[in-house]
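Single-letter residue listing:
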Amino acid sequence: QIDQPLHHFEQLRDILKGFPNNLTQQIPASSLDHEITGVTQDSREAKAGSIFVAVKGEKQDGHAFIPEVAKKGPALILGETPKPAGADAPYLQVT
């Protein structure tokens, strides 16, 4: 489980420093100042300012919840699939 508060990161730009530039260029500059409130893989726990990590589990695929999570105003969504249509939130596709 990765649900935890973040105390050492304040803004999305701080976290993205560890990502390759070709990925982070997908994030709108206006989103980089979002304050990060936590990281979760549970769509029910995602909220404004959080980072949602879409994980394919044994029973559920977190990618199916991306459109729902996007409506909550997360600072970032990480997923292995392309960004779903209508998911209006900063998104990074990672593998």
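Computed from a predicted structure; not experimentally measured.

### Regarding the overall build of the chain
Stage number 1. The helix and strand inventory of the chain stands at 3 helices and 4 strands.
Stage number 2. The helix and strand sequence of the chain, counted from the amino end, reads α-α-β-β-α-β-β.
Stage number 3. Its C-alpha radius of gyration of 12 Å places the chain within 12% of the 12 Å reference for a compact globule of 95 residues.
Stage number 4. Dimensions of the chain along its principal axes, counting C-alpha atoms only, are 35 × 25 × 25 Å.
Stage number 5. Counting every position in the chain, which comprises 95 residues, the buried fraction comes to 40%.
Stage number 6. For the chain, contacts bridging at least 24 residues in sequence account for 46% of all contacts bridging at least 6.

### Looking at the layout of surface pockets
Stage number 1. Computed from the structure, the largest pocket encloses a volume of approximately 290 Å³.
Stage number 2. In terms of lining, the largest pocket is formed by 14 residues, of which the most central are Gln-41, Asp-42, Ser-43, Gln-60 and Phe-65.
Stage number 3. Of the residues in the lining of the largest pocket, the class split is 3 nonpolar, 6 polar and 5 charged.

### Describing the pairing of strand β3 (residues 76-79)
Stage number 1. Where burial is concerned, the two faces of β3 agree: the one with Leu-76 and Leu-78 and the one with Ile-77 and Gly-79 are both buried.
Stage number 2. Inspection of the sheet shows strand β2 (residues 50-53) paired to β3 by 3 bridges, in the parallel sense. Considered in β3, the bridge of Ile-51 is made with Leu-76.
Stage number 3. When β3 meets strand β4 (residues 91-93), the two strands line up parallel, connected through 3 bridges. Its bridge partner lying in β4, Leu-78 is registered against Leu-92.

### Structural notes on the nonpolar core
Stage number 1. Counting residues in each nonpolar core, the largest one holds 14 residues, and the members touching the most others are Leu-16, Ile-27, Ile-51, Leu-76 and Leu-92.
Stage number 2. Of all the secondary structure elements, the ones that give two or more residues to this core are α1 (12-16), β2 and β3.
Stage number 3. By residue number, the principal contributor to this core is α1, which donates 3 residues.
Stage number 4. With near-sequence residues (within four places) excluded, Leu-92 lies in contact with Leu-16, Phe-19, Leu-23, Thr-24, Gln-26, Ile-27, Leu-76, Ile-77, Leu-78 and Gly-79.
Stage number 5. In this structure, Ile-66, Ala-70, Ile-77 and Tyr-91 belong to the second largest nonpolar core, which totals 10 residues.

### Focus on the confidence of the model for the chain
Stage number 1. With 91% of its residues at a pLDDT of at least 70, the chain reaches an overall mean of 86.
Stage number 2. The least confident element of the chain, judged by mean pLDDT, is helix α2 (residues 21-24) at 77; the most confident is helix α3 (residues 66-70) at 96.

### Here we look at the pairing of β2
Stage number 1. Residues Ser-50 and Phe-52 line one face of β2 and the alternating positions Ile-51 and Val-53 line the opposite face, and both faces are buried.
Stage number 2. Relative to β2, strand β1 (residues 38-40) is paired through 3 bridges, and the arrangement is parallel. Its bridge partner lying in β2, Thr-40 is registered against Phe-52.

Calculation notes
- Residues numbered from 1 in each chain as written.
- Predicted model: local features only at pLDDT ≥ 70, side-chain atom pairs only at ≥ 80, totals over all residues.
- Heavy atoms only, no water.
- Helix = DSSP H or I, 4+ residues; strand = E, 2+ residues; numbered from the N terminus.
- Rg over C-alpha atoms; globule rule 2.2 N^0.38 Å.
- Buried < 20%, exposed > 50% of the residue type's maximum accessible area, 1.4 Å probe, protein only.
- Contact = heavy atoms within 4.5 Å.
- 1 Å grid on protein atoms, 1.4 Å probe; cavity = no way out; pocket = protein on both sides within 12 Å on 5 of 7 lines; lining within 4 Å.
- Points joined across faces, edges and corners; volume = space filled by probe spheres on them.
- Nonpolar A, V, L, I, M, F, W, Y, C, P; charged D, E, K, R; others polar.
- Pairing = 2+ DSSP bridges.
- Core = buried A, V, L, I, M, F, W, Y, C linked by side-chain atoms within 4.5 Å.
- pLDDT = per-residue confidence, 0-100.

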